[in-house]
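Understanding the architecture of this molecule
Residue-level listing of the chains:
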Amino acid sequence: MESRLFKNTRVSRTAMAVALGWACLVGTAEAATFGRVVPIGGHASDLALDEARGVLYVANFTANRVEVVSLVDGSIQTSMNLSAQPNSLALSPDNRYLLVGHYGNFAAPNTPNNALTLIDLNTRGRQTFALGAPVLGVAFGIDGRALVMTTTDFELFDPVSGATTVLTTIADAQIAALPAKPNQAPPAITTAAVGASGDRRWVYGLTDQFTFRYEVEARRIQVRGYTSTPTMGPRAVSVNRDGSYYVAGWVLRDRDANNISQFGDVAGTLDVGSHAYDTTRGVIYSQVPTGTGGQVEAQAPELMVLDAKNLAIRERLRLAEALTGRSVINSDNSVVYSISASGVTIFPVGSLDDAPRISATVEDLIFRGNFCDRRVSGQEFAVVSSNGAPVDFTLSSNTAGIRLSPSSGVTPATVRVTVDPNAFQNLKGTVTASITIQSSGSVSVAKPVRVLINNREPDQRGTVVNVAGEVVDLLPDPVRDRFYLLRKDTNEVLVYGGESYSLQAKLKTANGPTQLAVTFDQRYLLVGHDQAQIISVFDLETLEELAPVVMPGGHYPRSIAASGKAILAANRVAGPTHTIDRVDMVSRTAVELPTLGVYENDIDKGTVLVSSPNGSRILAAEANGNVLLYDANADTFTISRKLATGNEKLAGAYAASSYDRFVVGNKLLNSSLVPVATLDGGANQSLGFSFVETLGLRTTAADSASPGVIERIDAEAGQRIRPTRMVEAPYLGTTEFPFTRTLAPLYSRSVIVNLTTSGFTVLPWNYDAAVAAPRIDRIASAADGGSAIATGGLISVFGDNLSPVNVASKELPLPTALGESCLTVNGVPSPVLFVSPTQINAQIPYNVDGSVAMILRTPGGVSDTYNLTVRPAAPSVFRSPQDVSVATVVRQKNGQVATLSNPLHRGDQITIYLTGLGRTNPAIEAGVPAPADPPLQVLNEPLVTIGGQELAISFAGLSPGQVGVYQINAIVPGAVPLGVGQPLVIQQATGSTELTVRVVD
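Let me sum up the structure you'll find in this document. (Residues numbered from 1 in each chain as written. Predicted model: local features only at pLDDT ≥ 70, side-chain atom pairs only at ≥ 80, totals over all residues. Heavy atoms only, no water.)

Within the protein one finds two helices and 93 strands. Overall, the C-alpha framework of the protein stretches about 130 × 70 × 45 Å when taken along its three principal axes. Evaluated residue by residue, the protein yields a buried proportion of 57% over its 1001 residues. Element-wise, carbon and sulfur atoms account for 48% of the exposed surface of the protein, whose accessible area totals about 38200 Å². Averaging the positions of the 76 positive and the 88 negative side-chain charges in the protein gives two centres separated by 1 Å. (Helix = DSSP H or I, 4+ residues; strand = E, 2+ residues; numbered from the N terminus. Buried < 20%, exposed > 50% of the residue type's maximum accessible area, 1.4 Å probe, protein only. Areas by Shrake-Rupley, 256 points an atom, 1.4 Å probe, with all protein chains shown as cover. Lys, Arg positive; Asp, Glu negative; His and termini not counted. Charge placed at Lys NZ, Arg CZ, Asp CG, Glu CD.)

Structural data, given as structure tokens:
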């Protein structure tokens, strides 16, 4: 969208809300909607609110009357018949007079009927004043006089005397003659709108050719011509209480008509849409049809609740029908009255919290997996309604492998989201999915929940920190040990600390933020926008918002860069030529450069700027293939060169160094912007680049679901150094904004922050340090160190470089990757209890046996295959950590391990703790703690003897609460031989183990 202004040209209300109710159309066939519709049997063209009399005046344009609607029950009390079409209404400050402006622009053979009708609401007396031109709008000021805008002039009308005074004349406005073509609402016929501030000191207006500002107390009017693409619709004007800001069409302006923010993706339809300013809550209620949503008439009408500062969307509410013109809000901001298709829709916004609005308690859910984790994982979130009442909901996902339970119900409800890893087994990065929330009983449109599913191999580097929403730019602040993220969907700068990577502050920008920059003196943060003609400015010491930089009319500063000499902004311009402007921080203004040195100031709208750290140069990269270089010493552009040929476009990474090296896409350029190397990345796109003195860091990826690659670059030779896979892909940009900045080295922390799919990813400075590949030397039972291994048994793996860290798992069920080490048996991941450089303790999966192959993956690589035999059963009794000669045979009488000094007695009840007894009934998954009820018994009953005497076994199975640990409960027989060194033998299937115990009488 483009909007450009030219220089000056001549030319208890809460009770009422409750009574009216909040919703209609609740049922299975039609969803609930916010607001109550009052049909008037015609087309409404304007409103005037008379709170003293408890009524709303509605101009019924096509029926030639003013409807008087009760504020209590919404009924039409009476109708005031008129002689001509009522186009606009205004109520005097003392509530005595209702002024009606008539649009009677009839063409021959009909007779024009342009006039003002003044209605004395106290006496019901009426006077009509004929005018020579159609009335486009009327508004009373605080002085008791009405400003009347016609197609030829602006007049002041005194309701007491009936006198009019011409303030200024204007060129004839281009308006439609009557009769109009069918199917046109009044705004499409009159194409004009006016609105007064709540204090009545300011009046603003909008036509197809100009906007105007009227300062009531000074009786001064200022008219400005403008152009816009698309048309400036909806044709409505809404003003805040003191007149400092107003919305005209799809643009939010300040008192000086500066474009502070504008709606994105607008259709520009004149007769569909509206807005109302709620100064108390700092919001704007608005319907503005989209340009990409198909036919405007077919779009589901929604009332957006927007931040009044920057038009960031807070929530969306369903409407029963489209709004079609002016909206007004009552004095305590509890009720909004809007012209709509049937007449008027009444919104009790003060009672919005009582309306059923459904939402999720989270924005994002992140599932982190790896090659070794094939278990279904789950997370929970709640679906709630704003008023706590039960509201129906239905959930669905756009991605296979995601299950929702329940997928429907009523609020409040806890929903469990499970992800089947088998559906994403080939994933080596992050897939983005969503959960849609629908409800027929909610008046709000619920925001979807984003689901991020990440799978990684052990060699993929980085720690991901989730940031919800659409994050489009990243900038480090080395002076203050922090970095900044630009979240576009909420119009915010997110300030993160470099020490803990925690969110420190949120700074509100204007609408459509595109890029960040810091002034060369490191004092100010600057934010460019695609939907505002200003640069937001923040003090970096206090994080306080300062006065913005106002751009020339129609200039949208998409990209900004600061050198030691000048601050430049690359603009999308409302016109045929896009330009680079120079910013003056003292006056907070910008001026269009007359030329770019010897070159025309005519750039591609997809242009980005970046400065060298030493402030000597600013590189300009254009999506159309051109590059330019600004030299701060010469204070001009010294180079312009074409890098792309034919239909080739430039995109991806861009960077400038202090050592006469520059990067655009995959091209490394010298000080003359001549390519000196092509940084090949295969099928990967170049997405991020940062110069670190004479070296560089570069990130690439094939797509958003791929791992991404980070590598060092020799900036002199263009040589790639140690490409290393990342945990997920860098941010890829969009078709509209193809250039990306995804790298931010934090020197004070020796870390590298990357803008990635899920938010940002942190890597250590030595992310590519050489790590030796793992080597498996020996595998033994974790109980007694023997070589016999059984399915489901606990094992110890010995070798070198088995893990970069020492860490024991605190999770249950056990993870299948720990310390970035991942062990597989015949490709099946093994649950891991402990990892270290020389030893790993793990569990053999229950579903593997026979001749198997074991492989270990670590950040250092993949081990050679280690072949071993896994038996159905291989009993192995745990040894005491203090004395490996002492087996874990516990006397139940005293709860102590049997030793020479605590011998077994005939008749003792004992428990033997061991591993390797194999599968159980019922079965259990590896890594999962054994339940106590029911206890899991082994499939093959073991035989236990002492000195050849068989023991009676009461239980043989998994020990409750333990993983891979079995127990045998038995009784020592009375006939067992006495003495030291009695053999205790456990036999099971083809496996057996033997140890010695002391037995006494």
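This part takes up the packing of aromatic side chains. Going through the model one piece at a time under the given rule, you end up with 12 aromatic pairs. A centroid spacing of 4.7 Å and a plane angle of 65° characterise the contact between phenylalanine 154 and phenylalanine 212, whose relative ring orientation is edge-to-face. You can see phenylalanine 154 sitting in strand β15 (residues 153–157) and its partner phenylalanine 212 sitting in strand β19 (residues 210–215), a full 58 residues away along the chain. With a centroid separation of 5.6 Å and an interplanar angle of 10°, the aromatic rings of phenylalanine 483 and tyrosine 496 are classed as stacked. Taken together, the residues span a long stretch of sequence, with phenylalanine 483 in strand β43 (residues 482–487) and tyrosine 496 in strand β44 (residues 492–497) at a distance of 13 residues. (Phe/Tyr/Trp six-rings, centres within 6.5 Å; stacked < 30°, edge-to-face > 60°.)

In this section: the sheet that holds β44. Strand order across the open sheet formed by four strands is β42-β43-β44-β45, with antiparallel pairing between neighbours. Looking at the sheet topology across the chains shown, the edges are occupied by β42 (471–477) and β45 (503–508). Each neighbouring strand pair of the sheet contributes to a mean axis angle of 20°, computed without reference to strand direction. The pairing of β43 with β44 spans six bridges and is antiparallel. Looking at β44, one finds that arginine 487 is bridged to glutamate 492. (Pairing = 2+ DSSP bridges. Axes fitted to C-alpha atoms, helices over the stretch in contact; angles between N-to-C directions.)

The computed volume of the largest cavity comes to approximately 260 Å³. For the largest cavity, the lining is made up of 22 residues, of which Thr514, Gln515, Val608, Phe737 and Phe739 are closest to its centre. Ranked by the residues each element gives to the lining of the largest cavity, the list is headed by strand β46 (residues 513–518), at three residues. Lining the second largest cavity we find 19 residues, and of these Ser45, Asp46, Asn87, Ala192 and Ala193 sit closest to its centre. Of all the secondary structure elements, the ones that give two or more residues to the lining of the second largest cavity are β5 (44–50), β9 (86–91), β13 (135–140), α2 (186–190), β17 (193–196) and β29 (323–329). For the lining of the second largest cavity, the per-class residue count stands at nine nonpolar, seven polar and three charged. (1 Å grid on protein atoms, 1.4 Å probe; cavity = no way out; pocket = protein on both sides within 12 Å on 5 of 7 lines; lining within 4 Å. Points joined across faces, edges and corners; volume = space filled by probe spheres on them. Nonpolar A, V, L, I, M, F, W, Y, C, P; charged D, E, K, R; others polar.)

Now for the side chain of threonine 411. Here threonine 411 is to be found in the loop between β37 (408–410) and β38 (413–419). A distance of 3.1 Å separates the side chain of threonine 411 from the backbone oxygen of alanine 389, its partner in a polar contact. Excluding residues that lie within four positions of it along the chain, threonine 411 makes contacts with Ile358, Val383, Val384, Ser385, Ala389, Pro390, Val391 and Phe393. (Polar contact = N/O pair within 3.5 Å; in protein donor to acceptor, adjacent residues only side chain to side chain. Contact = heavy atoms within 4.5 Å.)

Bringing the sheet that holds β9 into the picture now. The four strands lie next to each other as β9-β10-β11-β12, forming an open sheet whose pairing is antiparallel. With partners counted over all chains shown, the strands left at the sheet margins are β9 and β12 (126–130), one partner each. The mean inter-strand angle of the sheet, taken between neighbouring strand axes irrespective of direction, is 20°. Across five bridges, the pairing between β9 and strand β10 (residues 97–102) is antiparallel. Across the sheet, leucine 89 pairs through a bridge with valine 100, a residue of β10.

Moving on, we come to the pairing of strand β6 (residues 55–60). For β6, a buried count of six out of six residues is recorded, marking the element as mostly surrounded by other parts of the structure. Taking every second residue as pointing to the same face, both faces of β6 are buried, with Val55, Tyr57 and Ala59 on one and Leu56, Val58 and Asn60 on the other. Where β5 and β6 come together, six bridges link them in antiparallel fashion. In the sheet register, leucine 49 faces β6, and the bridge partner there is leucine 56. Taking the residues that link successive antiparallel strands as the turn, the β5-β6 hairpin has four residues, and the phi of glycine 54 there is positive, at about 70°. The turn joining β6 and strand β7 (residues 65–70), which pair antiparallel and follow one another in sequence, is formed by four residues; a positive phi near 55° is taken by asparagine 64.

Moving on, we come to the side chain of serine 612. Among the secondary structure elements, serine 612 is positioned in the loop between β54 (607–611) and β55 (617–622). There is a polar contact of 3.2 Å between the side chain of serine 612 and the backbone nitrogen of serine 616. Contact partners of serine 612, with chain neighbours within four places excluded, come to Arg617, Ala656, Ser657 and Ser658.

This brings us to the pairing of strand β28 (residues 313–318). Note that strand β27 (residues 302–307) and β28 share five bridges and pair antiparallel. Residue pairing in the sheet places glutamate 302 in a bridge with arginine 318 of β28. Remark: five residues form the turn of the hairpin made by β27 and β28, two consecutive strands paired antiparallel; leucine 311 in that turn has positive phi of roughly 65°.

A pair can form between side chains of opposite charge whenever their charged atoms are brought close. For the coordinates displayed, the defined rule picks out 45 salt bridges. Close ionic contact of aspartate 530 with arginine 558 constitutes a salt bridge, the shortest N to O distance being 2.7 Å. You can see aspartate 530 sitting in the loop between β47 (524–529) and β48 (534–539) and its partner arginine 558 sitting in strand β50 (residues 555–562), a full 28 residues away along the chain. The exposure class assigned to aspartate 530 is buried, which follows from its relative accessible area of 9%. Residues joined by salt bridges that share partners form a network here, namely Asp530, Arg558, Arg572, Lys605 and Glu736. (Salt bridge = Lys/Arg side-chain N within 4 Å of Asp/Glu carboxyl O.)

A few words now on the environment of glutamate 541. When you line up the elements, glutamate 541 lands in the loop between β48 and β49 (545–550). In sequence terms glutamate 541 and aspartate 521 are 20 residues apart; their C-alpha atoms lie 12 Å from each other.

Among the secondary structure elements, leucine 121 is positioned in the loop between β11 (115–120) and β12. The buried category is assigned to leucine 121, whose relative accessible area is 8%. For the pair formed by leucine 121 and asparagine 95, sequence separation is 26 residues and the distance between their alpha carbons is 7.8 Å. When neighbours within four sequence positions are excluded, leucine 121 is seen to be in contact with Asp50, Arg53, Tyr57, Leu91, Asn95, Arg96, Tyr97 and Leu98.

Another aspect to go through is unusual backbone geometry. The omega torsion across threonine 411 and proline 412 is -10°, close enough to zero to call that bond cis. When you line up the elements, proline 412 lands in the loop between β37 and β38. Of note in this structure, aspartate 635 is not a glycine but carries a positive phi near 55°. Assignment of secondary structure puts aspartate 635 in the loop between β56 (626–631) and β57 (636–642).

For the rest of this paragraph, the subject is the environment of threonine 414. In this structure, threonine 414 sits in strand β38. Threonine 414 sits in the partly exposed class, given a relative accessible area of 49%. Each C-alpha atom, one on threonine 414 and one on leucine 643, is 55 Å from the other, the two residues being 229 residues apart in sequence. With sequence-adjacent residues up to four places away left out, threonine 414 is seen in contact with Glu380, Phe381, Ala382, Ser405 and Pro406.

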